[in-house]
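Results of the structural survey
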Amino acid sequence: MLAKSNAPRLARHPGRLVAFSDAVFAIAVTLLVLEIQPPEDFGHLLRGLGALWSSYLAYALSFLLIGQVWVNHHVMFDRVRHVDREVLFLNTLLLMVIAFLPFSTSLLAGALRAEQGLRTAVVVYGATLWTAAALFNIIWAHLRRAKLLDPSLGPLGVRAIGRRFALALVWIGSGILVGAFVPIAGVAIIAGFLPAYYLPIRGEYGEGNKASDRRD
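Quick caveat, the model's predicted, so the values are computed rather than measured.

Turning our attention to the side chain of Ser104. Mapped onto the elements, Ser104 comes out in helix 4 (residues 85-114). Contact partners of Ser104, with chain neighbours within four places excluded, come to Val124, Tyr125 and Thr128.

See below:
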């Protein structure tokens, strides 16, 4: 009978995962600008530039949303001690969704410009963001369950970050639902998601955890 091995379990540092993720985020935001094509009629350039308003709107919205995902990705992985295969796989799915966002952005801009198919475009755009939010929640749940988080984060921070991620599902889901009937209102709800999610999360730096521990 083979003796049980005392070799330590392999601990993969999250550094490479974060570096690869940052590269995908950077490429995704860069690709967004490719949707904005210069006007063909340079004789009426100012008018032509003004007609691209839908592309500017979709570009700005998506750039800030991807930036928001990047910020919260760091909030999550700055507190991860090491990662396992499940995290690597789930993060790959998240990056696949982010890489799809330039297409959803182009679809939204085109529908706004053509004033056709806008309901479908808003639903597709919102569904892309909702899928990313769902994967955030799945990754966070796995990190907690597998005990891969830094213990110094404390229960207050763990719960606060989890609540912020969960709220995104409701918020974006509401935008999709409204956008299926009133597209512009759906876009406005999704855009309203931006300022709230750039705000700091209480306890994300481990503040106040001792008091929280006593209450728990």
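Between helix 5 (residues 118-145) and helix 6 (residues 154-179), whose axes approach to 9 Å, the crossing angle comes to 165°. Judged by the inter-axis angle, helix 5 sits roughly antiparallel to helix 6. Crossing hand, helix 5 versus helix 6: left-handed.

The next thing to look at is the UniProt feature "transmembrane region" (unreviewed entry) in the protein. According to UniProt, the positions carrying the feature "transmembrane region" (unreviewed entry) are residues 17-36, 56-75, 87-110, 122-143 and 164-194. Taken as a whole, residues 122-143 contains 100% helix and 0% strand, while its terminal C-alpha atoms sit 32 Å from one another. Helix makes up 90% of residues 164-194 and strand makes up 0%, while its end C-alpha atoms are separated by 13 Å.

A word on helix 4. Counted at 1.5 Å a residue, the expected span for helix 4 with its 30 residues is 44 Å, and the 44 Å between its end C-alpha atoms agrees. Helix geometry: helix 4 is bent most strongly at Leu101, by close to 30°, with proline Pro102 lying one to four residues after it. Two or three places before Glu86, at the opening of helix 4, Asp84 has a side-chain oxygen 3.2 Å from that residue's backbone nitrogen. Looking one or two places after helix 4, you find Glu115, whose phi comes out positive at around 55°.

Taken as a whole and assessed by the stated rule, the structure comprises 2 salt bridges. Ionic pairing is found between Glu35 and Arg113, a salt bridge with its closest N-O pair at 3.5 Å. With Glu35 in the loop between helix 1 (15-32) and helix 2 (45-50) and Arg113 in helix 4, this residue pair connects regions lying 78 residues apart in the sequence. Here Asp150 and Arg79 are joined by a salt bridge, their closest N and O atoms 3.9 Å apart. You can see Asp150 sitting in the loop between helix 5 and helix 6 and its partner Arg79 sitting in the loop between helix 3 (53-77) and helix 4, a full 71 residues away along the chain.

For the rest of this paragraph, the subject is the environment of Ala133. Residue placement: Ala133 occurs in helix 5. In this structure, the C-alpha to C-alpha distance between Ala133 and Phe165, residues 32 residues apart in sequence, is 6.9 Å. Non-local contacts of Ala133, meaning those with residues more than four positions away in its chain, are made with Ala168, Leu169 and Ile172.

Our focus in this paragraph is the environment of Tyr198. Locating Tyr198 in the fold gives a position in helix 7 (residues 183-198). Residue Tyr198 is classed as partly exposed on the basis of its relative accessible area, which comes to 36%. For Tyr198 and Val71, which are 127 residues apart along the polypeptide, the C-alpha to C-alpha distance reads 7.6 Å. In contact with Tyr198, other than residues within four places in its own chain, are Leu64, Gly67, Gln68 and Val71.

With that settled, consider the side chain of Ser21. Considering the arrangement of structural elements, one finds Ser21 in helix 1. Given a relative accessible area of 0%, Ser21 falls into the buried group. A polar atom in the side chain of Ser21 sits 2.8 Å from the backbone oxygen of Leu17. Those residues in contact with Ser21 that sit more than four places away from it in its chain are His73, Asn91 and Leu95.

Rules used in this analysis
Residues numbered from 1 in each chain as written. Predicted model: local features only at pLDDT ≥ 70, side-chain atom pairs only at ≥ 80, totals over all residues. Heavy atoms only, no water. Helix = DSSP H or I, 4+ residues; strand = E, 2+ residues; numbered from the N terminus. Contact = heavy atoms within 4.5 Å. Axes fitted to C-alpha atoms, helices over the stretch in contact; angles between N-to-C directions. Parallel < 35°, antiparallel > 145°, perpendicular 65-115°, else oblique. Left-handed = near helix turned anticlockwise from the far one by under 90°. UniProt positions renumbered as here; feature names shortened; annotations may be inferred. Expected span 1.5 Å × (residues − 1). Bend = angle between axes of the 7 residues up to and from the residue. Polar contact = N/O pair within 3.5 Å; in protein donor to acceptor, adjacent residues only side chain to side chain. Salt bridge = Lys/Arg side-chain N within 4 Å of Asp/Glu carboxyl O. Buried < 20%, exposed > 50% of the residue type's maximum accessible area, 1.4 Å probe, protein only.

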